[in-house]
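# Descriptive analysis of the structure
For reference, the chains in residue letters:
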Amino acid sequence: MTDFDPWLSAGTAADVMAATREGARGVASRQHERLAALLDHARRHTRLHAERLRRQPADAPLVAWPVLDKATLMARFDDSVSDPALSLAAVRDFIADPARIGTSLLGRYAVWESSGTSGSPGLFVQDGAAMAVYDALESLRRAPRPEAAAAAPFNALDPFGLLDAWNRWAAVAGAGDRWAFVGAIDGHFASQATVQRLRRLNPWLAQRMRSFSILQPLPALVHALNDWAPTVLATYPTAAAMLAGEAQRGALRLPLRELLTGGETLGPAVRRHVAGAFGCPVHNSYGASECLTIAADCAHGRLHVNTDWVILEPVDAHGRAVPDGELSHGTLLTNLANRVQPLVRYALGDRVRVQKDPCACGSPLPAIEVLGRHDDSLHLEGRGGARVTLLPLALSTVLEDDAGVFDFQLLQRGLHTLALRLGPGAAADAGAVARCREVLRAFAHEQGVPSLRVLDESAQPPVRGRSGKIQRVVAQRERSFSRA
């Protein structure tokens, strides 16, 4: 099997459409059958999973399987894959060559490296069947464009905008959309590898799709984007916020019809900010190097999990299931699509909340809220020496909603001190630092930290990792704390 089989792709797309038409019962039936097949395959064809289940009966339920973390997966990489031709050494040799980005290992496997923002990076191998699933879900379960949604807010025969998906790809093939991906383009990251794979498989698409490095100087990026003039832009939420600032000040002028985000948490304030700056809808998706298409948003902005191909288990700090409506401490992922490197109850790390109420879009797929894993909680000293914890989501919300600043990074400098770095667009706003300092101090005071210092480091831009992503709230190790 290659990394692209047209017959397999057509059959997978047909299955995705059939599951949508059949509703919740069809989705649940497919999940049950695929889980049983995956567990049997993992037990019989990988040494790692065979050892993990040595004492478990053959019909043990999913919750009986032990949790798998990234450190174990990487330490036992050769034992985690079902193809003896694969090895950690071979995969590392493959990703060492940037010219191979978007090509296939051994002629049949996609290889992606994770960003490493939550620790050390991981390496993940996807087979042709998994790639067919990702292709189908990405094409068929994205929210329709506003013009299609306005014409038919919900069509029982086309609940995920399949006709719009066809029109979208037809526009790319003809004289319509020009696509731009802004991100990290020098590594085998899932987004860039996917863009290059699409360009390799579709010469007609290659002429209408380009990648731009987020790590280049901002003026150079703005100039390159203006020159390309894309109608569809895909990037990370933090990068979208930065580019929105450039659009607001008139430096970036793009005829966007749609902006796609993923790879980081997209908050409602950032979504409104970006949509207002570019005058186009913003659509979000949730995926990872471990599984490219976990969820995508509908026309109502809710993320719907592809539960016919993915199982997410929101868990608390002790690994116990979290009820719907409650925010989890972490999430376990079971990828039902990929057999070459089975991921069963893999500790993904993200915090999620399963929505209790049904979505107005009518989707049979459950909706979730995702809070990323890449920001730190800050532990400061409060009144009387008490330890006060400030959550990264709260800090981000305060800066976005109350200060109107979206491109930022907060770094802890001590028990009473934070350093604020602003992106170029925000730094150009003369009052931005003062507003940020005011709202941060007020919020900290309410939480029990009466004397917070906020240092202005806006002369230094936020630091992006090798993957192009930003950790927006960064804690300091306790042993290096000063009393500042």
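What you see is a predicted model; the values in this text were computed from it and never measured.

### Observations regarding the nonpolar core
Formed by 41 residues in total, the largest nonpolar core has its most connected members in Leu-221, Leu-225, Leu-243, Leu-259 and Phe-278. Contributions of two or more residues to this core are made by strand S3 (179-183), helix H10 (190-201), strand S4 (209-213), helix H12 (218-228), strand S5 (232-235), helix H13 (237-248), strand S6 (258-261) and helix H14 (268-278). At seven residues, H13 tops the list of elements feeding residues into this core. Contact partners of Leu-221, with chain neighbours within four places excluded, come to Val-182, Phe-212, Ser-213, Ile-214, Gln-216, Met-242 and Leu-243. One finds Trp-112, Phe-124, Ala-295 and Val-305 within the second-largest nonpolar core, a separate group that totals 37 residues.

### What about the packing of helix H1 (residues 6-22) against helix H2 (residues 24-45)?
With their axes 5 Å apart at the nearest point, H1 and H2 run at an angle of 130° to one another. In this view, H1 runs oblique relative to H2, as classed from their interaxial angle. Together, Asp-15, Ala-18, Ala-19 and Glu-22 of H1 and Ala-24, Arg-25, Gly-26, Val-27, Arg-30 and Arg-34 of H2 make up the contact between the two elements. Residue classes in the contact of H1 with H2 are distributed as four nonpolar, one polar and five charged.

### Quick word on helix H6 (residues 88-95)
Because each turn of an α-helix spans 3.6 residues, side chains separated by three or four positions in sequence point in the same direction. When we look at burial in H6, the residues that qualify are Leu-88, Val-91, Phe-94 and Ile-95. Down the axis of H6, the buried side of the element spans an arc of 125°, and every buried residue falls inside it. Exposed and facing more than 90 degrees away from the buried side of H6 are Ala-89 and Asp-93. Next to the buried residues of H6 lie helix H4 (70-75), helix H5 (77-80), strand S1 (110-113) and strand S2 (123-126).

### Brief notes about the sheet that holds strand S10 (residues 310-315)
Two pairing modes exist for strands in a sheet, parallel and antiparallel, and in both the strands are linked by backbone hydrogen bonds. Strand order in the open sheet made by the three strands is S10-S11-S12, with antiparallel pairing throughout. The open sheet terminates on both sides in strands that have one partner only, identified here as S10 and strand S12 (346-347). Judged from the six bridges that link them, S10 and strand S11 (residues 330-335) form a sheet pairing that is antiparallel. Counterpart to Leu-312 in the pairing with S11 is Leu-333.

### Some points on the pattern of salt bridges
Evaluated as defined, the whole model comprises 23 salt bridges. Between Arg-257 and Asp-177 there is a salt bridge, and its shortest N-O distance comes to 3.0 Å. Of this pair, Arg-257 sits in the loop between H13 and S6 while Asp-177 sits in the loop between helix H9 (162-173) and S3, placing them 80 residues apart in sequence. Relative accessible area serves as the criterion here: at 37%, Arg-257 is assigned to the partly exposed category. On the basis of relative accessible area, Asp-177 is assigned to the buried category, the value being 0%. Note that Glu-457 and Arg-413 form a salt bridge whose closest N and O atoms lie 2.9 Å from each other. You can see Glu-457 sitting in the loop between strand S19 (453-456) and strand S20 (473-474) and its partner Arg-413 sitting in the loop between strand S17 (408-412) and strand S18 (417-422), a full 44 residues away along the chain. Linked by salt bridges that have partners in common, Asp-15, Glu-22, Arg-30 and Arg-34 make up one network.

### Details of the pairing of strand S13 (residues 351-354)
Only one face of S13 is buried, namely the one carrying Val-352 and Val-354, since none of Arg-351 and Arg-353 on the opposite face is buried. Relative to strand S14 (residues 367-371), S13 is paired through four bridges, and the arrangement is antiparallel. Bridging across to S14, Arg-353 finds its partner in Glu-369.

Each value, and the rule that gives it
- Residues numbered from 1 in each chain as written.
- Predicted model: local features only at pLDDT ≥ 70, side-chain atom pairs only at ≥ 80, totals over all residues.
- Heavy atoms only, no water.
- Core = buried A, V, L, I, M, F, W, Y, C linked by side-chain atoms within 4.5 Å.
- Buried < 20%, exposed > 50% of the residue type's maximum accessible area, 1.4 Å probe, protein only.
- Helix = DSSP H or I, 4+ residues; strand = E, 2+ residues; numbered from the N terminus.
- Contact = heavy atoms within 4.5 Å.
- Axes fitted to C-alpha atoms, helices over the stretch in contact; angles between N-to-C directions.
- Parallel < 35°, antiparallel > 145°, perpendicular 65-115°, else oblique.
- Nonpolar A, V, L, I, M, F, W, Y, C, P; charged D, E, K, R; others polar.
- Arc of directions from axis to C-beta.
- Pairing = 2+ DSSP bridges.
- Salt bridge = Lys/Arg side-chain N within 4 Å of Asp/Glu carboxyl O.

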